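# Observations on the three-dimensional arrangement
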Amino acid sequence: MSSSPQRLPSFIGIDLSGRKLRAAIVNAEGAIGERREEPLAADHLVEQVNNVVKNLRVGHSEIAAAGIAIPGLVNRQTDRVVASRDLPSSVRDDLHSEFAKTTGLRIELENDANAAAYGEYIAGSGRGSRDMFYITIGEGIGGAIILGGKLWTGASGFAGEVGHITIDTEGAECECGNTGCLETVASSPNIVRRANERLNRDSTSSLSKLGLNKNFTAADLVHEAKNGDDFSLMMIERTGRYIGTGVASIINLLNIERIVMGGEVMEAGKLILDPIIHEAKRRAFQPCFEATQIITGTLGGDAAAIGAAMLARDSTAR
Ligand SMILES: [Zn+2]
């Protein structure tokens, strides 16, 4: 519990996605120390973040800045949250200056997928690469691009929205207004929707354990697939093929060195990674495909908090 001024600076990383608040102290190399996790109090966000920061700072005078990963789009020119499915509009207005004012810390706000990408790049599966694309598959599907070691955020901070690549021109309506986006078939809620539709119309799939659980989640489906349930395995395999179709487009567009896949759906590991790679290989331009490594992330649910902290680290060096 030393608060010696000689201690190297550390950073706080906070992830507000998945209706949870995860916060941690992260050192300059991206290693996690003390951590906190609690349900997200979306209507009292500023107070909640301030309390968590205060608690984490006790005995840690070396905290130099905090990074906060937001489940939504962050305009990097204005630092405003311009869209978010999880945060009520009443708290979005000027989160950046409110967080800075209440905590007294330098604050970096970033989209959660961008933050997770940077976390994997610095401390996870992206290490050793120069250019990397990151895809997270969970409640929604997000993506991010890292070029030459830097997050490439686009003209206003929204680059990498791979979840809204069109996979099926006749597909279901997406919350973005388009139809047939990758997210409409491969995000966690949409995997559950597709599984339910199939369970209802196909009597042989009633043998699946999933049919006994009326309110199963994508995590349950992943679990049953790992236990060898044929129906769940088929759903994971088909989902992997949809994702692989999107991955092929990324490969063709960017000729990128490495693609790192994260998010709860990727907890299925090889069961989903293999069909993703298989489909990407089938559809991508072959010379591009051969130059790309497709692997799963290693930081799990810590990726966004670590990445946010590392973006805060970088901001103090500017
Ligand atoms: Zn969409």
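Quick caveat: nothing in here was measured; it's all calculated off a predicted structure.

Our focus in this paragraph is the sheet that holds strand β2 (residues 20-27). The five strands lie next to each other as β3-β2-β1-β4-β7, forming an open sheet whose pairing is mixed. Two strands lie at the open edges of the sheet, namely β3 (32-39) and β7 (106-111), each paired on one side alone. If you compare each strand with its neighbour and ignore which way they point, the axes differ by 15° on average. Relative to β7, strand β4 (residues 63-70) is paired through six bridges, and the arrangement is parallel. Bridging across to β7, alanine 69 finds its partner in glutamate 110. Against the sheet, helix α11 (residues 303-317) contacts β1 (10-15), β2, β3, β4 and β7, and its axis sits at roughly 135° relative to β1.

Moving on to the nonpolar core. Grouped together as the largest cluster of nonpolar side chains are 42 residues, with contacts concentrated most on Ile135, Ile243, Val247, Ile251, Ile259, Met261 and Ile294. Tallying contributions element by element places helix α8 (residues 230-254) first for this core, with eight residues. Contact partners of isoleucine 294, with chain neighbours within four places excluded, come to Val247, Ile251, Ile259, Met261, Leu273, Ile277, Ala280 and Phe289.

What follows deals with the coordination of the zinc ion. The zinc ion binds to the protein through His164 (ND1), Cys174 (SG), Cys176 (SG) and Cys181 (SG), with metal-donor distances spanning 2.0 to 2.3 Å. Note that the zinc ion binds four donor atoms; their angles at the metal cover 106 to 121°, and the shape is tetrahedral. Within one chain, the residues donating to the zinc ion are spaced in sequence as H-x9-C-x1-C-x4-C. You can see histidine 164 sitting in the loop between β10 (150-152) and α5 (183-186) and its partner cysteine 176 sitting in the loop between β10 and α5, a full 12 residues away along the chain. A relative accessible area of 27% means that histidine 164 is categorised as partly exposed. Take cysteine 176: its relative accessible area is 42%, and that puts it in the partly exposed class.

The rules behind these values
Residues numbered from 1 in each chain as written. Predicted model: local features only at pLDDT ≥ 70, side-chain atom pairs only at ≥ 80, totals over all residues. Heavy atoms only, no water. Pairing = 2+ DSSP bridges. Helix = DSSP H or I, 4+ residues; strand = E, 2+ residues; numbered from the N terminus. Axes fitted to C-alpha atoms, helices over the stretch in contact; angles between N-to-C directions. Contact = heavy atoms within 4.5 Å. Core = buried A, V, L, I, M, F, W, Y, C linked by side-chain atoms within 4.5 Å. Buried < 20%, exposed > 50% of the residue type's maximum accessible area, 1.4 Å probe, protein only. Donors = N, O, S within 2.8 Å, 3.2 Å for Na, K, Ca; no water. Tetrahedral: all angles 85-135°; square planar, octahedral: opposite > 155°, others 65-115°.

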